[in-house]
Amino acid sequence: MGGPLSEEELSLYDPALLLSLDFFRSPANFNPRISAAVPGESWLKVRPLQSGDFHRGFLQILSQLTKVGDVSLTQFLNRFAQMRASGDYYVTVIVDTRYDKIIGSATLVLERKFIHGCATRGRLEDVVVDDTYRGKQLGKLIVVTVNLLAEHLGCYKMSLDCKDKLIPFYKSIGYTLEQGNANTMNIRYETTARNINRNVVGSKPENTEPS
């Protein structure tokens, strides 16, 4: 999808982690039963983000969720290397192997805490599945995958922000609205201010927007 791939690609995290997940631990109801290891169709594959996924439409699938911006291959690879080195980012994708194309993605971010005995909190971010693949339970599959991954990695809880219309979906796979703690509040910073700050510390500016 747009360019040659290197002979040896790097995975963002160890793919073997996905094979160790027990989907029977999730309250999600799959019909028929599927999992990260057996996603239902022989041409579907669930795996970690790879360094060659720039050419497989990873940024294009994210653009169905929010504004991505004009991200170059160099920027993509730099961010990939930063995430991989930190060990706190678990971007997981679904691939249509017939076309070598990314059709879904979700991200688990580990937030290291001092509270709860230096525990780790998981955050679910950037969930998206191509609309043309509806009816294959892929949205549920990618979310449950990263949920189980968070549990496997020792997170004491998993959190997310979502639009009101998606609350029933997330409730169906185990999320709850906590009484007195169900508001999401943000401060958004202007792109120009963020870029100025990056230039001050010697970093290259990036034309991206948070979701």
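Data block above holds the structure.
Residues numbered from 1 in each chain as written. Predicted model: local features only at pLDDT ≥ 70, side-chain atom pairs only at ≥ 80, totals over all residues. Heavy atoms only, no water.

Participant: Describe the pairing of strand β2 (residues 89–96), listing the residues and the values that go with them.
Facilitator: The buried fraction of β2 amounts to seven of the eight residues, a majority that puts the element mostly inside the structure. Bridge analysis of strand β1 (residues 44–48) against β2 gives five bridges, and the strand direction is antiparallel. Within β2, the residue paired with Pro-48 across the bridge is Thr-92. In this sheet, strand β3 (residues 101–112) lies alongside β2 in antiparallel orientation, the contact comprising eight bridges. Along β3, the bridge assignment pairs Tyr-89 with Val-109. In sequence, β2 turns back onto β3 through a hairpin of four residues, with Asp-100 there showing a positive phi of about 50°. (Buried < 20%, exposed > 50% of the residue type's maximum accessible area, 1.4 Å probe, protein only. Helix = DSSP H or I, 4+ residues; strand = E, 2+ residues; numbered from the N terminus. Pairing = 2+ DSSP bridges.)

Participant: So what's going on with the nonpolar core? Which residues, and what values?
Facilitator: Residues Phe-23, Leu-49, Phe-58, Leu-59, Leu-108, Leu-124 and Leu-138 are the most contacted members of the largest nonpolar core, which totals 52 residues. Only α1 (16–19), β1, α2 (58–62), α3 (73–86), β2, β3, β4 (120–129) and α5 (138–152) provide two or more residues apiece to this core. At nine residues, α5 tops the list of elements feeding residues into this core. Ignoring anything within four residues of it in the chain, the contact list for Leu-124 reads Ala-106, Thr-107, Val-143, Val-146, Met-158, Ser-159, Leu-160, Tyr-170 and Tyr-175. (Core = buried A, V, L, I, M, F, W, Y, C linked by side-chain atoms within 4.5 Å. Contact = heavy atoms within 4.5 Å.)

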